[in-house]
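Spelled out, the chains give:
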Amino acid sequence: MRPLIFPAVIWLATLVPAAAQDAADAELIGELMAFHGSHAIVSAMTTHCYETTGLDPAFKAASDNWYLRNIGFLELADRVIARLGGGEEGQQQAAETYGGSQIMSAYNQAADKDGFCRAFLEQVDSGALDIDKQLPEALDKAQDIAAQ
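Quick look at the structure, then. (Residues numbered from 1 in each chain as written. Predicted model: local features only at pLDDT ≥ 70, side-chain atom pairs only at ≥ 80, totals over all residues. Heavy atoms only, no water.)

### What to know about the overall build of the protein chain
Phase 1 of the analysis: In terms of regular secondary structure, the protein chain is built from 7 helices and 0 strands.
Phase 2 of the analysis: Listed by position from the N terminus, the elements making up the protein chain come as α-α-α-α-α-α-α.
Phase 3 of the analysis: Counting all 148 residues of the protein chain, 45% fall into the buried class.
Phase 4 of the analysis: Across the protein chain, the fraction of contacts at a sequence separation of at least 24, relative to all contacts at a separation of at least 6, is 78%.
Phase 5 of the analysis: Approximately 7200 Å² of the protein chain is accessible, and the part contributed by carbon and sulfur atoms is 53%. (Helix = DSSP H or I, 4+ residues; strand = E, 2+ residues; numbered from the N terminus. Buried < 20%, exposed > 50% of the residue type's maximum accessible area, 1.4 Å probe, protein only. Contact = heavy atoms within 4.5 Å. Areas by Shrake-Rupley, 256 points an atom, 1.4 Å probe, with all protein chains shown as cover.)

### Side note on the packing of aromatic side chains
Phase 1 of the analysis: On inspection of all chains with the given rule, the structure shows 1 aromatic pair.
Phase 2 of the analysis: Relative to phenylalanine 116, the ring of tyrosine 107 has its centre 5.8 Å away and its plane inclined at 75°; by these criteria the two rings are edge-to-face.
Phase 3 of the analysis: The buried category is assigned to tyrosine 107, whose relative accessible area is 8%.
Phase 4 of the analysis: One cation-aromatic arrangement involves lysine 60 over tyrosine 50; the distance from NZ or CZ to the ring centre is 5.0 Å.
Phase 5 of the analysis: The ring of tyrosine 107 has lysine 113 sitting right over it, with the charged end atom 5.5 Å from the ring centre. (Phe/Tyr/Trp six-rings, centres within 6.5 Å; stacked < 30°, edge-to-face > 60°. Lys NZ or Arg CZ within 6 Å of the ring centre and 35° of its normal.)

### Quick word on helix H7 (residues 136-147)
Phase 1 of the analysis: Over its 12 residues, H7 extends 16 Å from the first C-alpha to the last, a length consistent with the 16 Å expected when each residue adds 1.5 Å.
Phase 2 of the analysis: Taken together, the buried positions of H7 are occupied by Ala138, Leu139, Ala142 and Ile145. For H7, the buried positions fall inside an angular range of 125° around the axis, keeping them on one side. What points out from H7, more than 90 degrees from its buried face, is the exposed set Glu137, Asp144 and Ala147.
Phase 3 of the analysis: Of the surrounding secondary structure, the elements contacted by the buried residues of H7 are helix H2 (23-52), helix H3 (57-83) and helix H6 (131-134). (Expected span 1.5 Å × (residues − 1). Arc of directions from axis to C-beta.)

### Topic: the state of the cysteines
Phase 1 of the analysis: Overall, the coordinates contain 1 disulfide when judged by the stated rule.
Phase 2 of the analysis: Covalently, cysteine 49 is tied to cysteine 117 through a disulfide, its sulfur atoms 2.0 Å apart. With the S-S bond torsion at -80°, the cross-link from cysteine 49 to cysteine 117 turns out left-handed. Here cysteine 49 is found in helix H2, whereas its partner cysteine 117 is found in helix H5 (residues 113-126), with 68 residues between them in sequence. (Disulfide = S-S within 2.5 Å.)

### Points about the nonpolar core
Phase 1 of the analysis: Counting 38 residues, the largest nonpolar core has Leu32, Phe35, Val80 and Phe120 as the members making the most contacts within it.
Phase 2 of the analysis: Sorting the residues of this core by element identifies H2, H3, helix H4 (91-109), H5 and H7 as the ones contributing at least two each.
Phase 3 of the analysis: It is H2 that provides the largest number of residues to this core, a total of 11 residues. (Core = buried A, V, L, I, M, F, W, Y, C linked by side-chain atoms within 4.5 Å.)

Here it is as structure tokens:
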């Protein structure tokens, strides 16, 4: 299942605004928008699996725990994006929409939907889908900028 999620996260990292910002800043802004795409992936799939597995509370708990582990990274991304001049109008929404649609597409293609949900839950619970694991280079750049 991880091979299906990783390309979506990588694509999210390539979102760059068309504004006349420095190319490196524009690239980093795109990478930081991927943080929000990761949040959308976890949120969409845990909600969907919660509903389709008979309201298994493990999915809600996993989503809540992911958010608590990653809220600092999401806030850092927002602060650094603002510091770099901000993203394009709708860029965050595009990252979130793309992330959610990619994970739902992967789910819809899965032969064993319950197995997909269980494997996804395991990935979320283990921290494998945390921002610091999925996008460590972008996180390091953001932390460096925030420390300046």
